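Okay, here's what each chain looks like letter by letter:
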Amino acid sequence: MTLAAHQIPAVQNKTAVVTGASTGIGEATVRALASAGWKVFAVARRADRLGALGSETGAVPFPADITVDDDVAALLAAVTEAGGADTLINIAGGARGADIIANADTEDWDWMYQVNVLGTMKITRAFLPMLRDNGEGTVLNLTSTAGLSAYEGGAGYNAAKFAQHAMTNALRLEEVGNNVRVIEVAPGLVHTEEFALNRLGDKDAAAKVYEGVEKPLTAADVADVVKYAVSLPHHINLDQIVVRPVAQAANHKLVRKQA
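Here's what I pulled together on the structure shown here.

About the criteria used
- Throughout this description, residue numbers start from 1 for each chain and increase along the sequence as written.
- In keeping with the predicted nature of the model, local features appear solely for residues at pLDDT of at least 70, side-chain atom pairs appear and are counted solely at 80 or more, and the whole-chain, interface and lining totals rest on all residues.
- To obtain the side-chain values, all non-hydrogen atoms of the structure were used and water was disregarded.
- We count a stretch as a helix when DSSP gives it H or I for four or more residues in a row; a strand needs E for two or more, and each element gets its number in order from the N terminus.
- Whether a residue is buried, partly exposed or exposed follows from its accessible area with a 1.4 Å probe, protein chains only, as a fraction of its type maximum: under 20%, in between, or over 50%, in that order.
- We call two N or O atoms a polar contact when they sit within 3.5 Å, provided that within protein one can donate a hydrogen and the other can accept it, with sequence-adjacent residues counted only if both atoms are side-chain atoms.
- A contact between two residues is defined here by any heavy atoms of the two lying within 4.5 Å.
- Think of a nonpolar core as a cluster: buried Ala, Val, Leu, Ile, Met, Phe, Trp, Tyr and Cys residues, connected wherever their side-chain atoms sit within 4.5 Å.
- Strands are labelled as partners when DSSP assigns at least two bridges between them.
- A clockwise path from the first strand over the helix to the second, with the strands pointing away from the viewer, defines a right-handed crossover.

1. Re unusual backbone geometry
Point 1. A positive phi angle, close to 60 degrees, is found at asparagine 179, a residue other than glycine.
Point 2. Of note in this structure, lysine 215 is not a glycine but carries a positive phi near 55 degrees.
Point 3. Structurally, lysine 215 can be placed in the loop between α7 (203-210) and β8 (217-218).

And the structure:
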């Protein structure tokens, strides 16, 4: 039977913890899974946005900062008390700054490493015993094509995402004996409401990132890929999925139409 011939099984008692759930791909993933019948714990720092998302989707909002040990412990306790989860989807992350290394801002680099790398490690470490005990646990890490190919002005984000990519590969090797499936989704250019703005700190500069690009990916596009990957029968592991808009053949090759 080919992969395309597999039917996505009906959801029965599937529960996911989704980080970065207050905006962008994280929010879209919560919506996609909830609409497919999953129970979802939506995790992010902004309680107001999580509350609204929970009201709309039925997801369980849980305000937490994944870089803070006490927050991670509280989240684990809440999920355990609610019956546990079989899937952890690490979407929280982001970029700050676009300086070359000669002008690197230490605070930006530290923030990117804390959120993308240490945050992912802390929450994964906390939930691994639960995922192992489940017998068919899944971890999905949202990385980036920035973690596969470096580019000028991206060194800090490249470094963080390369580290997260390497961590994902190591985790797959370490946990295969526990039947924990480990998936990496690495998007290219995705037009979300906050990513470029948070990185560059200026609306005009953020808008130029997408200027002239026909049909960049949307958060919902990536969420559909995430949903597909974690909904396949557990014996199918999509180790690494690279997803880009057609206009972006590589990090350095992006077609922009002239106005």
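Still more to cover.
2. A look at the side chain of histidine 234
Point 1. In this structure, histidine 234 sits in the loop between α8 (219-231) and β9 (240-243).
Point 2. Taking relative accessible area as the criterion, histidine 234 reaches 13% and is therefore assigned buried.
Point 3. A polar contact is formed between the side chain of histidine 234 and the backbone oxygen of glycine 137, at a distance of 2.9 Å.
Point 4. Dropping the residues within four chain positions of it, histidine 234 is found in contact with Glu136, Gly137, Thr138, Asn179 and Arg181.

3. Notes on the nonpolar core
Across soluble globular proteins, you tend to see nonpolar side chains buried next to one another.
Point 1. Core analysis: the biggest nonpolar cluster contains 34 residues, and Val18, Val30, Leu33, Ile89, Leu140, Val185 and Val222 have the highest contact counts within it.
Point 2. Elements with a contribution of two residues or more to this core: β1 (15-19), α1 (24-35), β2 (39-44), α2 (47-57), β5 (138-142), β6 (181-187), α8 and β9.
Point 3. Those residues within four positions of valine 222 in sequence are excluded, and the remaining contacts are Ile25, Leu142, Val185, Pro187, Val190 and Leu217.
Point 4. Listed in part, the 22 residues of the second largest apolar core include Phe41, Ile66, Ala126 and Val139.

4. Considerations on the pairing of β5
Point 1. In terms of burial, β5 is a largely internal element, 5 of the 5 residues being buried.
Point 2. Of the two faces of β5, the one holding Thr138, Leu140 and Leu142 and the one holding Val139 and Asn141 are both buried throughout.
Point 3. Where strand β4 (residues 87-90) meets β5, 4 bridges bridge the pair, whose relative direction is parallel. Bridging across to β5, asparagine 90 finds its partner in asparagine 141.
Point 4. On the question of chirality, the crossover connecting β4 to the parallel β5 by way of helix α4 (residues 106-134) is right-handed.
Point 5. Bridge count for β5 against β6 is 5 bridges, and the pairing is parallel. Bridge pairing in β6 links asparagine 141 to glutamate 184.

By themselves these figures say nothing about function.
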